[in-house]
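# Residue-level structural notes
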Amino acid sequence: MSRPHEDRRHHTATDHHAGGPAIVFAPPAWWAVAVVHVTAERADAAIASYETLVEKARTSAARVREAAILRSHNHRRVIVLLHLDGHEEFRHLCAAWDDHHLVAERHDVAESRSLTLYSLATNLGDAAIDPTSTDAVAFEQFSSGLEGTHAVTSSIAAAPGFRGASILRSDDDSASAIIYRFAHVEEIGAFRASETLYPVHVVRTFI
């Protein structure tokens, strides 16, 4: 089902459709990761807004190659993943999205947001982001860089139900993130309990 959304500031109508092809970002790709905290009733509005931003970024100086939009199961977070060429494109993306966020704040679309540039350190197993898959997907951020992920990655391959993961790191190694795939959502919780890890649904991919 489509979700028409109009960017009134630029008078551009965009018709949004969930789904899309499976994508895999291979090392050493650059990923911009936006994490948006919303109230549950504003999740759909945030998704529609970021779908429009991604569509625009694909034809702008940011040169987004591929992208995916995820939504947490509790509808409190929207995560946007964008494959960029590097730092210059990330600067263009930040400038364009900062302008949008000033407008969004006046409309109470988001409670808080972050936008971080990571490099893809490695993929484990089947790390595809696939809207049609029945696998359970989760997202986790670490404030301690790759060092904080070692305990996780050293045992993850042997975890029941593990299908794949992508491990991301920031330039200065001050932050990292993991996107997990398991056969069932219960297996994610059994493998690791963390306040910064939450199951997500793949809403849409862009190529």
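Small disclaimer: the values here were computed from a predicted structure and weren't measured.

### With respect to the overall build of the protein
Of regular secondary structure, the protein possesses four helices and ten strands. When the helices and strands of the protein are read in sequence order from the N terminus, they spell out β-β-β-α-β-β-α-β-β-α-β-β-α-β. A burial count over the protein gives 48% of its 207 residues as buried. Accessible surface, the protein: about 9800 Å² in total, of which carbon and sulfur atoms supply 51%.

### What about the pattern of salt bridges?
When charged atoms on two side chains of opposite charge get close, those side chains can pair. Here the structure, examined in full by the defined rule, presents nine salt bridges. The closest approach of N and O atoms between Asp-85 and Arg-63, which form a salt bridge, is 3.1 Å. Residue Asp-85 is located in the loop between β5 (77–84) and α2 (87–106), and its partner Arg-63 is located in the loop between α1 (43–57) and β4 (66–72); the two are separated by 22 residues in the primary sequence. Taking the relative accessible area as the measure of exposure, Asp-85 reaches 26% and is therefore partly exposed. A residue is classified by how much of its surface remains accessible, and Arg-63, at 46% relative accessible area, is partly exposed. Arg-163 is the partner of Asp-135 in a salt bridge, and the nearest nitrogen-oxygen pair spans 2.6 Å. Placement of the pair is Asp-135 in the loop between β6 (112–125) and β7 (136–142) and Arg-163 in strand β8 (residues 162–170), with a sequence separation of 28 residues. Residue classification places Asp-135 among the buried residues on the basis of a relative accessible area of 14%. Given a relative accessible area of 39%, Arg-163 falls into the partly exposed group.

### Examining the pairing of strand β3 (residues 30–37)
Across the eight residues that make up β3, a large majority, seven, are buried. Pairing between β3 and β5: eight bridges, direction antiparallel. Bridge assignment links Val-36 to a residue of β5, and that residue is Val-78. Direction of pairing for β3 relative to β6: antiparallel, over a ladder of eight bridges. When the sheet's bridge partners are listed, Val-36 is paired in β6 with Arg-113.

### Some details on the sheet that holds β6
Either a parallel or an antiparallel arrangement is found when strands of a sheet pair, and the pairing is made through backbone hydrogen bonds. With antiparallel pairing, eight strands are arranged side by side around a closed barrel as β3-β5-β4-β10-β7-β9-β8-β6. Averaged over all neighbouring strand pairs, the angle between strand axes comes to 35°, with direction disregarded. As paired elements, β7 and strand β9 (residues 176–182) share seven bridges and run antiparallel to each other. Looking across to β9, one finds that Ala-136 is bridged to Phe-182. Set on the sheet, α1 makes contact with β3, β4, β5, β6 and β10 (197–206); between it and β10 the angle comes to about 45°.

About the thresholds
- Residues numbered from 1 in each chain as written.
- Predicted model: local features only at pLDDT ≥ 70, side-chain atom pairs only at ≥ 80, totals over all residues.
- Heavy atoms only, no water.
- Helix = DSSP H or I, 4+ residues; strand = E, 2+ residues; numbered from the N terminus.
- Buried < 20%, exposed > 50% of the residue type's maximum accessible area, 1.4 Å probe, protein only.
- Areas by Shrake-Rupley, 256 points an atom, 1.4 Å probe, with all protein chains shown as cover.
- Salt bridge = Lys/Arg side-chain N within 4 Å of Asp/Glu carboxyl O.
- Pairing = 2+ DSSP bridges.
- Axes fitted to C-alpha atoms, helices over the stretch in contact; angles between N-to-C directions.
- Contact = heavy atoms within 4.5 Å.

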